[in-house]
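Observations on the model geometry
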Amino acid sequence: GALVYQYPRRTICKSGTSMRMECQAVGFQATSVAWYRQSPQKTFELIALSTVNSAIKYEQNFTQEKFPISHPNLSFSSMTVLNAYLEDRGLYLCGAGQAPLFGEGTRLSVL
Amino acid sequence: AQSVTQPDARVTVSEGASLQLRCKYSYSGTPYLFWYVQYPRQGLQLLLKYYSGDPVVQGVNGFEAEFIKSNSSFHLRKASVHWSDSAVYFCAVSITGNTGKLIFGLGTTLQVQP
């Protein structure tokens, strides 16, 4: 069946450092990948939508300079959180496909 | 602006009882509607989706939802809940057609009491 894997599941980084998270689609072609963040006590905010062969579109309050995304093929995407601070903590989910399937997420803690 | 409203932050029901979780959306175009469930410390799992056609859609684990255009609603229902249904349920709308870009509601926490 179709699945989405995200790794790492959990990560801790020091304030001001960066961390990279990855998203793998298995069993289907992920022509579009959307990255979301669920901050504590909040719902899911869209960070950006990446469609293969198109420019990555970032939502308001999120920038490529802070959250660079790579989507090199139909099965893989990665996102980096640069210069992470406390407000960046939360659960980061990637949703792949048109009726998005989500991975288990990467939970980011910042010390 | 497009939005999704889940008016009930928390719903508590007894095991075996019927369930309805409410969802209303605000979008002038043709909505693509979704319900997802988040179990503790996990990601999102797709329960069901509506694109077009029969307004009552069936999902996994006995869940169904009904799209009522006149009411801008997409309520989730289940005839008989089980304790394992305890989780947070999110309603979402795709505002750009079939692209995977979703707007989520704030979620409804369902607690099923034994």
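A brief report on the enclosed structure follows. (Residues numbered from 1 in each chain as written. Chains lettered and ligands numbered in written order. Predicted model: local features only at pLDDT ≥ 70, side-chain atom pairs only at ≥ 80, totals over all residues. Heavy atoms only, no water.)

**Focus: the side chain of A:His71**
All names here are of chain A. Residue placement: histidine 71 occurs in strand β7 (residues 69-73). On the basis of relative accessibility, which here comes to 12%, the residue histidine 71 falls in the buried class. Engagement of the side chain of histidine 71 in a polar contact is seen with the backbone oxygen of alanine 30, the distance being 3.2 Å. At 3.3 Å, the side chain of histidine 71 forms a polar contact with the backbone oxygen of asparagine 73. (Helix = DSSP H or I, 4+ residues; strand = E, 2+ residues; numbered from the N terminus. Buried < 20%, exposed > 50% of the residue type's maximum accessible area, 1.4 Å probe, protein only. Polar contact = N/O pair within 3.5 Å; in protein donor to acceptor, adjacent residues only side chain to side chain.)

**Here's the deal with the interface of chain A and chain B**
Taken residue by residue, the interface counts 20 residues in chain A and 19 residues in chain B. Across the chain A/chain B interface, buried area totals approximately 1600 Å², and carbon plus sulfur atoms make up 56% of it. Where chain A packs against chain B, one counts one salt bridge. Where chain A packs against chain B, one counts six residue pairs in polar contact (both at pLDDT 80 or more). Put simply, the parts of the chain that give the side of chain A that touches chain B at least two residues each are β4 (32-38), β5 (44-51) and β9 (90-96) of chain A. (Contact = heavy atoms within 4.5 Å. Buried area = accessible area lost by both parts, 1.4 Å probe. Salt bridge = Lys/Arg side-chain N within 4 Å of Asp/Glu carboxyl O.)

**A look at the sheet that holds strand β8 (residues 76-81) of chain A**
Residues and elements named next belong to chain A. With respect to topology, four strands assemble into an open sheet ordered β1-β3-β8-β7, the strand pairing being antiparallel. The sheet is open, and its two borders are formed by β1 (3-7) and β7, each paired with just one other strand. The mean inter-strand angle of the sheet, taken between neighbouring strand axes irrespective of direction, is 15 degrees. Here β1 runs beside strand β3 (residues 19-26); their pairing, made up of five bridges, is antiparallel. Counted as the bridge partner of tyrosine 5 is glutamine 24 from β3. (Pairing = 2+ DSSP bridges. Axes fitted to C-alpha atoms, helices over the stretch in contact; angles between N-to-C directions.)

**Focus: the pairing of strand β11 (residues 106-110) of chain A**
Residues and elements named next belong to chain A. Every second residue of β11 is oriented toward a common face, the buried set being Thr106, Leu108 and Val110 and the non-buried set Arg107 and Ser109. Direction of pairing for strand β2 (residues 10-13) relative to β11: parallel, over a ladder of four bridges. Bridge assignment links arginine 10 to a residue of β11, and that residue is arginine 107. Across three bridges, the pairing between β9 and β11 is antiparallel. Bridged to glycine 90 within β11 is leucine 108.

**Details of the nonpolar core**
Core analysis: the biggest nonpolar cluster contains 28 residues, and B:Leu19, B:Trp35, B:Leu47, B:Leu48, B:Phe74, B:Leu76 and B:Tyr89 have the highest contact counts within it. At the level of secondary structure, the elements contributing two or more residues to this core comprise β2 (10-14), β3 (19-21), β5 (32-38), β6 (45-50), β8 (64-68), β9 (73-78), β10 (87-94) and β12 (108-113) of chain B. At four residues, β10(B) tops the list of elements feeding residues into this core. In this structure B:Leu19 touches B:Val11, B:Val13, B:Phe63, B:Leu76, B:Arg77, B:Lys78, B:Val81 and B:Leu110, once residues within four positions along its chain are discounted. Counting residues in each nonpolar core, the second largest holds 22 residues, with A:Ala25, A:Trp35, A:Phe62 and A:Val81 among its members. (Core = buried A, V, L, I, M, F, W, Y, C linked by side-chain atoms within 4.5 Å.)

**Looking at the environment of A:Ser109**
Residue and element names in this part refer to chain A. Looking at the secondary structure, you find serine 109 in strand β11. Judged by its relative accessible area of 29%, serine 109 is partly exposed. Taking C-alpha positions, serine 109 is 9.1 Å from tyrosine 85, a pair spaced 24 residues apart along the chain. If we skip the residues at most four places from it in the chain, serine 109 touches Thr11, Ile12, Cys13 and Arg89.

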